[in-house]
Amino acid sequence: QLQLQESGPGLMKPSETLSLTCTVSGGSISGSSYYWGWIRQSPGKGLEWIGGIHYSGSKYYSTSLKSRVTISVDTSKKQIALRLSSVTAADTAIYYCARYSADGDFDYWGQGTLVTVSS
Amino acid sequence: QSVLTQPPSVSGAPGQRVTISCTGSSSNIGAGYDVHWYEQLPGTAPKLLIYGNNNRPSGVADRFSGSKSGTSASLAITGLQAEDEADYYCQSYDSSLSGWVFGGGTKLTVL
């Protein structure tokens, strides 16, 4: 059974760079049919797609976050990384990593990690 | 303001049928992109409920069904059960934004 696990700092200060890692187990990260994405959910709010990556290195970013986001993949470690620069309180959210197909259905999700940005 | 519009809440009694609408535009649902639906129980990650407009992943009860027409899509739940109380989200691709978009979510209350 494929499992995804996010990890990273729970608390950050404004203007810092957020770094999160998603570790994949129980399956391959290099399947050609799938992409790996990051989605976030602000407290009490809906879901927002941040971006995604294919194991080959092709990257896709939300237009609203593109200037601050970098997503990378390390196939040897079976990890997907997210970096979000210049965070503010508006970036406080639960961050999920998930696998998705070319049609966009996110079929496997991590449990999510809460990131709080506060001075 | 979400690109895909869902009602904030719906409710129904056990055993009843409820539907949740998802209204988009010509740059997403109306452009022919697939619609997917997710169920999010309190304190948990979203779970894929319907993919490709009307397909259920293995393990999802056939009480759940999806449909799509024009610039809108719907999720129907029949034989409502207490365990169905959750938030439901639709999702599609938007060509104007060049990315995946979600609806604002609908909270289902089982009376």
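Note that the structure is a prediction, hence the values are computed from the model and not measured.

Rules used throughout
- Residues numbered from 1 in each chain as written.
- Chains lettered and ligands numbered in written order.
- Predicted model: local features only at pLDDT ≥ 70, side-chain atom pairs only at ≥ 80, totals over all residues.
- Heavy atoms only, no water.
- Helix = DSSP H or I, 4+ residues; strand = E, 2+ residues; numbered from the N terminus.
- Rg over C-alpha atoms; globule rule 2.2 N^0.38 Å.
- Buried < 20%, exposed > 50% of the residue type's maximum accessible area, 1.4 Å probe, protein only.
- Pairing = 2+ DSSP bridges.
- Axes fitted to C-alpha atoms, helices over the stretch in contact; angles between N-to-C directions.
- Core = buried A, V, L, I, M, F, W, Y, C linked by side-chain atoms within 4.5 Å.
- Contact = heavy atoms within 4.5 Å.
- Polar contact = N/O pair within 3.5 Å; in protein donor to acceptor, adjacent residues only side chain to side chain.
- Salt bridge = Lys/Arg side-chain N within 4 Å of Asp/Glu carboxyl O.
- Nonpolar A, V, L, I, M, F, W, Y, C, P; charged D, E, K, R; others polar.

Tell me about the overall build of chain B, and please be specific about residues and values.
When helices and strands are tallied, chain B shows 0 helices and 9 strands. Reading chain B from its N end, one meets helices and strands in the order β-β-β-β-β-β-β-β-β. Against the compact-globule benchmark of 13 Å for 111 residues, chain B has a radius of gyration of 13 Å, which places it among compact chains. Along the longest, intermediate and shortest principal axes, the C-alpha atoms of chain B span 40 × 25 × 25 Å. When the 111 residues of chain B are sorted by exposure, 46% land in the buried category.

Provide a residue-level description of the sheet that holds strand β1 (residues 3-7) of chain A, including the pertinent values.
Residues and elements named next belong to chain A. Strand order across the open sheet formed by 4 strands is β1-β3-β8-β7, with antiparallel pairing between neighbours. Edge positions in the sheet fall to β1 and β7 (69-74), since each has one partner strand and no second. Strand after strand, the sheet turns through a mean of 15° between neighbouring axes, direction not considered. Inspection of the sheet shows strand β3 (residues 18-25) paired to strand β8 (residues 79-84) by 6 bridges, in the antiparallel sense. Across the sheet, residue Leu18 finds its bridge partner in β8, namely Leu84.

Any details on the nonpolar core? Residues and values, ideally.
Core analysis: the biggest nonpolar cluster contains 25 residues, and A:Trp38, A:Ile80 and A:Tyr95 have the highest contact counts within it. Among the secondary structure elements, those contributing two or more residues to this core are β3, β4 (34-41), β5 (47-54), β7, β8, β9 (93-101) and β11 (113-117) of chain A. Broken down by element, this core gets its largest block of residues, 4 residues, from β3(A). Dropping the residues within four chain positions of it, A:Ile80 is found in contact with A:Leu20, A:Thr21, A:Cys22, A:Val24, A:Ile29, A:Trp36, A:Trp38, A:Ile53, A:Ile71, A:Ser72 and A:Val73. Membership of the second largest hydrophobic core comes to 22 residues, among which are B:Ala73, B:Leu80, B:Tyr88 and B:Leu108.

Please give an account of the environment of B:Ser2 that cites residues and values.
Residues and elements named next belong to chain B. Mapping Ser2 onto the fold places it in the segment before β1 (9-12). By relative accessible area, Ser2 is classed as partly exposed at 35%. Here the alpha-carbon distance between Ser2 and Val35, two residues 33 residues apart in the chain, equals 15 Å. With near-sequence residues (within four places) excluded, Ser2 lies in contact with Phe102, Gly103 and Gly104. A distance of 3.4 Å separates a polar atom in the side chain of Ser2 from the backbone nitrogen of Gly104.

Outline the interface of chain A and chain B, listing residues and values.
Taken residue by residue, the interface counts 20 residues in chain A and 17 residues in chain B. Put simply, chain A and chain B have 0 salt bridges between them. At the boundary of chain A and chain B, one finds 7 residue pairs in polar contact (both at pLDDT 80 or more). Partitioned by chemical class, the residues of the side of chain A that touches chain B number 9 nonpolar, 6 polar and 5 charged.

Describe the side chain of B:Gln6, naming the residues involved and giving the relevant values.
Residues and elements named next belong to chain B. Structurally, Gln6 is set in the segment before β1. The buried category is assigned to Gln6, whose relative accessible area is 8%. Of note is the side chain of Gln6, whose polar atom sits 3.2 Å from the backbone nitrogen of Gly105. Aside from chain neighbours lying at most four places away, what touches Gln6 is Ile20, Ser21, Cys22, Trp37, Tyr88, Tyr89, Cys90, Gly103, Gly104, Gly105 and Thr106.

Go over the pairing of β8(A), please, and point to the residues and values.
Residues and elements named next belong to chain A. Burial along β8 is one-sided: Ile80, Leu82 and Leu84 are buried, while Gln79, Ala81 and Arg83, pointing the other way, are not. Direction of pairing for β7 relative to β8: antiparallel, over a ladder of 6 bridges. By the bridge assignment, Ile71 is partnered in β8 with Leu82.

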